[in-house]
Amino acid sequence: MPFTIAIDGPAASGKGTIARALAAHYGFAHLDTGLLYRAVGARGGDPVAAARALEPADLARPGLRTAEAGIAASIVAAIPEVRAALVDFQRRFAAQEPGAILDGRDIGTAICPHAEVKLYVIADDRTRAQRRAAELDADEDETLAQLRDRDARDSTRATTPLRPAPDAVFLDTTTLTIDEAIARAVAEVEARMDD
Ligand code: C5P
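On a predicted model such as this, the values are computed, not experimentally measured, just so you know.

Parameters and conventions
Residues numbered from 1 in each chain as written. Predicted model: local features only at pLDDT ≥ 70, side-chain atom pairs only at ≥ 80, totals over all residues. Heavy atoms only, no water. Near = heavy atom within 4 Å. Polar contact = N/O pair within 3.5 Å; in protein donor to acceptor, adjacent residues only side chain to side chain. Areas by Shrake-Rupley, 256 points an atom, 1.4 Å probe, with all protein chains shown as cover. Helix = DSSP H or I, 4+ residues; strand = E, 2+ residues; numbered from the N terminus. Nonpolar A, V, L, I, M, F, W, Y, C, P; charged D, E, K, R; others polar. Pairing = 2+ DSSP bridges. Axes fitted to C-alpha atoms, helices over the stretch in contact; angles between N-to-C directions. Contact = heavy atoms within 4.5 Å. Salt bridge = Lys/Arg side-chain N within 4 Å of Asp/Glu carboxyl O.

Moving on, we get to the site of the ligand. The local shell around the ligand holds 15 residues, among which R38, R83, R150, D154 and R157 are the closest. Within the side chain of R83, a nitrogen or oxygen atom sits 2.8 Å from an oxygen atom of the ligand. Here an oxygen atom of the ligand and a side-chain polar atom of D154 are 2.5 Å apart. Look at the ligand: alone it shows 450 Å² of surface, and the protein chains cover 97% of it. Counting only elements with at least two residues in the shell around the ligand, the list comes to α2 (34–43), α4 (67–76) and α8 (140–156). For the shell around the ligand, the per-class residue count stands at three nonpolar, four polar and eight charged.

Structure below.
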């Protein structure tokens, strides 16, 4: 049985960093599911057709990490047919041995509701904006406004909105160093592996 770790939370909360670190620690495959929506948004044209035609190579295309690609992603992510077209790819990824880590918005609630570990990673808005602005060399206030917009769209859409699963463990990274956040995540995983 593969071991699945679902990591959800708002933009720039630290979930990608934690997911990559856990993947390296446990030798699990990692999928940043935001890239799927970013690739669909960046492709232009009919987003439903783009989602149905999406190939793994599309996830490596340049330009997917920009703020504009994030905004485009959150717009196409609100379309139920786009989300439906991406479910199988994510579930196949999650079924890999010995385990897989998926990070996104609806992993613990919709894609992998039976994941052995579910983390919901949060951080206060200002901290998230500081981190993302530094990453993208962008203006902090503008980044903050964009993150809030995106969170609002992601939390209020009708289909699988951003929400913690009832059995998710919250991890607030606001005052934690990266190493501390990773150590907490590892402790959660260890606790579930021992069950
Ligand atoms: O995580 P990232 O910032 O790359 O995600 C970009 C956008 O993709 C999010 O704002 C959200 O709208 C969408 N997304 C989603 N479900 C996921 C992952 C991302 O709706 N599992």
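Right, let's get into the sheet that holds strand β1 (residues 3–8). In spatial order, the strands read β2-β3-β1-β4-β5; together these five strands make up an open sheet with parallel pairing. On the outer flanks of this sheet lie β2 (29–32) and β5 (169–172), each paired with one strand and no other. Across the sheet, the mean angle from the axis of one strand to that of its neighbour is 20°, orientation sign disregarded. Of the strands in this sheet, β1, β2 and β3 (99–104) are in contact with helix α5 (residues 80–94), which crosses β3 at around 140°.

Further remarks concern the pattern of salt bridges. Where charged atoms from two side chains of opposite charge approach closely, those side chains can pair. One pass over the full model with this rule turns up 13 salt bridges. Note that D58 is salt-bridged to R43, the shortest N-O span being 2.8 Å. Placement of the pair is D58 in the loop between α3 (47–52) and α4 and R43 in helix α2, with a sequence separation of 15 residues. We note a salt bridge from E188 to R192, for which the minimum N-O separation is 3.2 Å. With E188 and R192 both in helix α9 (residues 178–193) and four residues apart, the pair spans about one turn of that helix.

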